[in-house]
Amino acid sequence: MGSLLSYSGLSTKIRAMQSKLIGEQQYQEIAQMDSVIQIVAYLKKQPGYARLWADLDENSLHRGDVEKLLVHTIHQNFTKLYRFANPKQRTFMALYFKRYEISVLKDCLRKVFDQGKADLDLSLFQDFFDRHSKLDLEKISNSSTIEELVNHLQGSEYYEPLKKLENDCQPRIFDYGMALDQYYFANIWSVKEKLFQKRDLEEITRAYGNKFDMLNLQWIYRSKKYYHMAPADTYALLIPVHYRLSKKEISAMVEAVDEEEFRRILDTTYYKKRFSELSPETLEELYNLNLKTILETESRKYPHSVIMIYSYFYHKEHEVDRLTTAVECVRYGLTPDQILEYIHKT
């Protein structure tokens, strides 16, 4: 009863927001459009965007504005739910929020590695980050070197994971991005028992456990197929989490001498039993399907648990990814059929 009372109001709010997500018919209509301006004007009339973009003049937008505005709708909806949530629910949202901080840090890293060739204006996000983050957006976005960027992170939880890379020989942007992801994922796994109980803990464990396993499978396969990495280097990429994959299975796949041996070991895992079509070539597709299925199924079964929040943000972020894809396809003059094909692959 406590969980029901705790989540009933928030669940109602989330269901109302879910009903405003862009649907298949709307994507088909968007695919028929000839310009980005038309897409923005169309979205302004949709329930999920009408209030957020009411004062937006689509004719004055520059090339990168639309993508930032789409991302910012995630921030705006996060803020709506955060205001509506109780302290227990805000615990999960604060943990989830770190993915937005890491996304911004990756943008800053790209700017540094592009040696100032790319502009980075995060002013649209300033108010959102002022309320939910301790990062100084202005300082980190204006960093011109890695050393400067990392130093601006002193006092934050991201300082140590990035500072450690100074001892590596010429770390790449990939290494910095992986360090942030690994820290974030390992942090979620290490604190879940302290932050959640009962049903919430079960749902967090199931959703993130499956996610981390499937990400590790993808990274092991890519390290073999595309990079021919030594096992020691592959181990360094992996999330230090074992859910349905044992340490023995992970080690066997990392140490596999070639792709075929990796495939044979993959066929003996839990995920092959779950997905008969699982193969090295379908890992990315099934990663998305697996997470989507878990979130949709569990949020229907347990609408009064933390999984309802996770499920909403997953679908909202997926919507933004699809709309961003549509915008890029229209810019490049693709046909409606091609646009829909890319949208459905996203």
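Relevant structure appears above.
If you're wondering where the values come from, they're calculated on a predicted model, not measured in any experiment. (Residues numbered from 1 in each chain as written. Predicted model: local features only at pLDDT ≥ 70, side-chain atom pairs only at ≥ 80, totals over all residues. Heavy atoms only, no water.)

Undergrad: Tell me about the packing of helix α16 (residues 283–301) against helix α17 (residues 307–331), and name the residues and values.
TA: Closest axis-to-axis distance for the α16/α17 pair is 9 Å, and the angle between their directions is 135°. The angle between the axes of α16 and α17 places the two elements in the oblique class. For the pair α16 and α17, the sense of crossing is left-handed. Contacts from N288, L291, K292, L295, E296, E298 and S299 in α16 reach I307, M308, Y310, S311, Y314 and H315 in α17. For the contact of α16 with α17, a count of residues per class yields 6 nonpolar, 4 polar and 3 charged. (Axes fitted to C-alpha atoms, helices over the stretch in contact; angles between N-to-C directions. Helix = DSSP H or I, 4+ residues; strand = E, 2+ residues; numbered from the N terminus. Parallel < 35°, antiparallel > 145°, perpendicular 65-115°, else oblique. Left-handed = near helix turned anticlockwise from the far one by under 90°. Contact = heavy atoms within 4.5 Å. Nonpolar A, V, L, I, M, F, W, Y, C, P; charged D, E, K, R; others polar.)

Undergrad: Give a detailed account of unusual backbone geometry, specifying residues and quantitative values.
TA: Backbone geometry places K198, a non-glycine residue, at a positive phi of 50°. Structurally, K198 is set in helix α11 (residues 198–225). Although it is not a glycine, H228 adopts a positive phi angle of roughly 50°. Tracing the chain through its elements places H228 in the loop between α11 and α12 (231–237). On the basis of relative accessibility, which here comes to 65%, the residue H228 falls in the exposed class. (Buried < 20%, exposed > 50% of the residue type's maximum accessible area, 1.4 Å probe, protein only.)

Undergrad: Describe a positive patch on the surface, and please don't skip the residues or the numbers.
TA: Residues K13, K20, R51 and K80 make up a contiguous surface patch of positive charge. Here K20 is to be found in the loop between α1 (2–18) and α2 (24–31). (Patch = residues over 30% accessible without salt bridge, like charges linked within 9 Å, V, L, I, M, F, W, Y side chains within 5 Å. Areas by Shrake-Rupley, 256 points an atom, 1.4 Å probe, with all protein chains shown as cover. Salt bridge = Lys/Arg side-chain N within 4 Å of Asp/Glu carboxyl O. Lys, Arg positive; Asp, Glu negative; His and termini not counted. Charge placed at Lys NZ, Arg CZ, Asp CG, Glu CD.)

Undergrad: So what's going on with the packing of aromatic side chains? Which residues, and what values?
TA: Here the structure, examined in full by the defined rule, presents 29 aromatic pairs. Plain terms: the ring middles of F78 and Y100 are 5.8 Å apart, the flat faces sit at 85° to each other, and that makes the pair edge-to-face. Taken together, the positions of F78 in helix α4 (residues 65–84) and Y100 in helix α5 (residues 87–113) put the pair 22 residues apart, joining distant regions of the chain. With a centroid separation of 5.7 Å and an interplanar angle of 25°, the aromatic rings of Y221 and F262 are classed as stacked. You can see Y221 sitting in helix α11 and its partner F262 sitting in helix α14 (residues 259–266), a full 41 residues away along the chain. For F262, a relative accessible area of 0% gives the class buried. Above the plane of the ring of Y302 lies R199, whose end atom (NZ or CZ) is 3.6 Å from the centre. (Phe/Tyr/Trp six-rings, centres within 6.5 Å; stacked < 30°, edge-to-face > 60°. Lys NZ or Arg CZ within 6 Å of the ring centre and 35° of its normal.)

Keep in mind these numbers describe shape, not what the thing actually does.
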